[in-house]
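Coordinates in review
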Amino acid sequence: MAFISALMADSGLPLFTRTSSGLESLSYSAMGSLFGIKTYVEDQQVIIVGARTSTAAVRWKVVPESKLLLVIVTDNDYSTDDYINELLELVCSAIVFTLGATKLAQLSSGAEELYRLELKKCYPLIDSLISSLRSVASAGPALQCVDRAVIPSDTAISAALDRFVYSASAKWGFLLVNGQVLVADANWWSLRADEKILLAALPPNLGELAEKAIYLPHASPSVPFRLVSAAIAPGVHACLLCGADPPLEAIKDQLLKPVWGGLLDPLRRLQSKPAVYPPGALQLTDGVVGMLLVDPAANWSMFFHSAAEGVVAKGTTPKLAVCAYYKSMIGPSVMKKSPAGALEHKVTESYSVTTRYKLYYMEQRTVDGVPIRVIGLFAPGVPTYSLRHLTATTFSDLEACNVFSC
């Protein structure tokens, strides 16, 4: 369950509500009650940022430099405070990403209808963020990361992307397969995590060949970039961030076929592969249910599980298990910086044993020296003493499949 509502920060006038699929929107009376709670508490000279009941978690946040109040309501299940706050920050970034900081600051009380019209442009991104909560394949937004495809790298595809970016005189370029990043240039990986998440979420909502003005919330919140997205195969999008040139027609006529024409067959084969299954060359050991890998420097995550996921107890999906463990046990120590002067303790290895599954966390390095955080998910019958070995071995096997090259 997830509801995200926007209200005028001064009057509480509802502007929109977006919900998980199949749920009805929050009623005006419910939104008014949530606004009333915040107003009452602040009248007592207290700042309220969140609250919990036995069934739900609520957070309030005013979008910076605006008169827009966001309220998020989620299940009070596996979601930590840090995670809910980060999701709310992502929604704030999505609004700036779509409208720009300047336009957002200009919208004011008395122009509610204009506010509503402008905010409708943000719906595809907000809906995408909400759907990622329960998506089987997407773990990235829950971990402040962009999803990377668990697919062996192809140097020909990487070279084609470089050529595509260079020929268009673009600043950034990336290639998506089923909404996950397959390859991207070095400049793109240097962007902030929320910018990469939003950039990867938008192209699947655009047309076969489309352009859209977007704002990078940190790199360029007031000056727009032009995002060009080309669907070069079903589920495969080649994307550029560039200026006004080249026009779409020139990209279509002069770049798409010369650059990507010879790679359509391998790209179609990549798209047809289930996004959450491991590479075909990787044979998972019995009892290994799944694995989550996170690169904290580049802000990407990979997640996959075996087809035999039913070995995990009913009611627990592989994604929820690993994300909950990362956020509740690993998260507080590695996702947030310690206060100045506080004693820092870096978690390097940890494990958890339950009646439903077992988990092992460790830090590994690729052959290129890149630190990767790894969580292995195992069936409850796997011996606890073997968890470390199985996690390290599976990571080595995955690296041998060449999935870490950008």
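Along every chain, residues carry numbers that run from 1 in the direction the sequence is written. Residues qualify for local features only when their pLDDT is at least 70, as the model is predicted, and side-chain atom pairs are given and counted only at 80 or more; totals for whole chains, interfaces and linings, by contrast, use all residues. Heavy atoms throughout the structure, all of them, feed into the side-chain values; hydrogens and water do not.

1. A few points about the sheet that holds strand β1 (residues 2-8)
By definition, two strands form a pair when at least two bridges between them are found by DSSP. The helix and strand labels rest on DSSP assignments: H or I over at least four residues marks a helix, E over at least two residues marks a strand, and numbering proceeds from the N terminus. Read from one edge to the other, the open sheet built from five strands follows the order β2-β1-β5-β4-β3, with strand pairing classed as antiparallel. Only two strands of the sheet have a single partner each, and these edge strands are β2 (14-19) and β3 (50-52). In this sheet, neighbouring strand axes are inclined to one another by 15° on average, regardless of whether the strands run parallel or antiparallel. Sheet topology note: the strand β4 (residues 56-62)/strand β5 (residues 68-75) ladder contains seven bridges and is antiparallel. Bridging from a neighbouring strand, valine 58 pairs with valine 73 of β5. The contact criterion used is simple: two residues touch if any of their non-hydrogen atoms lie within 4.5 Å. Angles run from 0 to 180 degrees between N-to-C directions of axes, and those axes are lines fitted to C-alpha atoms, restricted for helices to the stretch in contact. Contacts from helix α1 (residues 28-43) reach β1, β2, β4 and β5, with the element oriented near 70° to β4. Its contacts with the sheet place helix α5 (residues 123-131) against β1 and β2, and it is angled at close to 40° to β2.

2. Quick notes on the pattern of salt bridges
A side chain with one charge may pair with a side chain of the opposite charge, provided their charged atoms come close. Salt bridge, as used here: a side-chain nitrogen of Lys or Arg that lies within 4 Å of a carboxyl oxygen of Asp or Glu. Using the criterion set out here, one finds nine salt bridges in the structure. Between arginine 18 and aspartate 127 there is a salt bridge whose closest N-O contact spans 2.7 Å. With arginine 18 in strand β2 and aspartate 127 in helix α5, the pair connects residues that are 109 residues apart, well separated along the chain. Buried, partly exposed and exposed residues are distinguished by accessible area as a fraction of the type maximum, computed with a 1.4 Å probe on protein chains only: under 20%, between the cut-offs, and over 50%, respectively. Looking at aspartate 127, the relative accessible area reads 28%, which means it is partly exposed.

3. Looking at the environment of alanine 213
Along the polypeptide, alanine 213 turns up in strand β9 (residues 209-216). The class for alanine 213 is partly exposed, based on a relative accessible area of 46%. A sequence separation of 28 residues divides alanine 213 from leucine 241, and the C-alpha atoms of the two residues are 9.5 Å apart. Sequence-distant contacts of alanine 213, defined by excluding residues within four places in its chain, comprise Thr98, Pro224 and Phe225.

4. Some words on helix α12 (residues 387-400)
Multiplying one less than the number of residues by 1.5 Å gives the expected span of a helix. The terminal C-alpha atoms of α12 lie 20 Å apart, and with 14 residues this matches the ideal 20 Å at 1.5 Å per residue to within 8%. Taken as a whole, α12 has its buried residues at Leu387, Leu390, Thr391, Ala392, Thr394, Phe395, Leu398 and Glu399. Buried residues belonging to α12 abut β12 (288-295), β13 (300-305), β15 (358-365) and β16 (371-378). Of the residues trailing α12, asparagine 402 is marked for its positive phi of about 65°.

5. Let's talk about helix α8 (residues 193-201)
Most of α8 is tucked away, with nine of its nine residues classed as buried. Within the span of α8, buried status applies to Ala193, Asp194, Glu195, Lys196, Ile197, Leu198, Leu199, Ala200 and Ala201.

6. A look at the nonpolar core
In a soluble, globular protein the nonpolar side chains are often hidden away together inside. In terms of nonpolar packing, the biggest core is built from 95 residues, with Trp188, Leu199 and Leu293 touching the most fellow members. Residue contributions to this core peak at 11 residues, all from helix α2 (residues 81-99). Discounting residues that sit within four places of it in the chain, leucine 199 has contacts with Phe97, Phe174, Trp188, Leu191, Ile214, Leu216, Leu227 and Leu241. Working definition of a nonpolar core: buried Ala, Val, Leu, Ile, Met, Phe, Trp, Tyr and Cys residues. They are joined through side-chain atoms within 4.5 Å.

7. Details of the packing of aromatic side chains
Only Phe, Tyr and Trp rings are paired, with Trp represented by its six-membered ring, and only when their centres lie within 6.5 Å; those with planes under 30 degrees apart are stacked, over 60 edge-to-face, the remainder tilted. Across all of its chains, the model carries six aromatic pairs by this definition. When the ring of phenylalanine 164 is compared with that of tryptophan 260, the centres are 5.8 Å apart and the planes differ by 70°; the resulting orientation is edge-to-face. Of this pair, phenylalanine 164 sits in helix α6 (residues 155-167) while tryptophan 260 sits in helix α9 (residues 248-260), and the two are 96 residues apart along the sequence. Judged by its relative accessible area of 1%, tryptophan 260 is buried. Measuring from ring centre to ring centre gives 5.1 Å for tryptophan 188 and tryptophan 189, while their planes differ by 80°; the resulting arrangement is edge-to-face. Assessed through its relative accessible area of 0%, tryptophan 188 is described here as buried. Chaining the aromatic ring pairs together yields one cluster made of Phe174, Trp188 and Trp189. The criterion is that NZ of a Lys, or CZ of an Arg, lies within 6 Å of the ring centre and within 35 degrees of the ring normal, and then a charge sits over that ring. Taking NZ or CZ as reference, arginine 18 lies 4.0 Å from the ring centre of tyrosine 123, over its face. Lying over the aromatic face of tryptophan 300, arginine 148 brings its terminal NZ or CZ to 4.7 Å of the ring centre.

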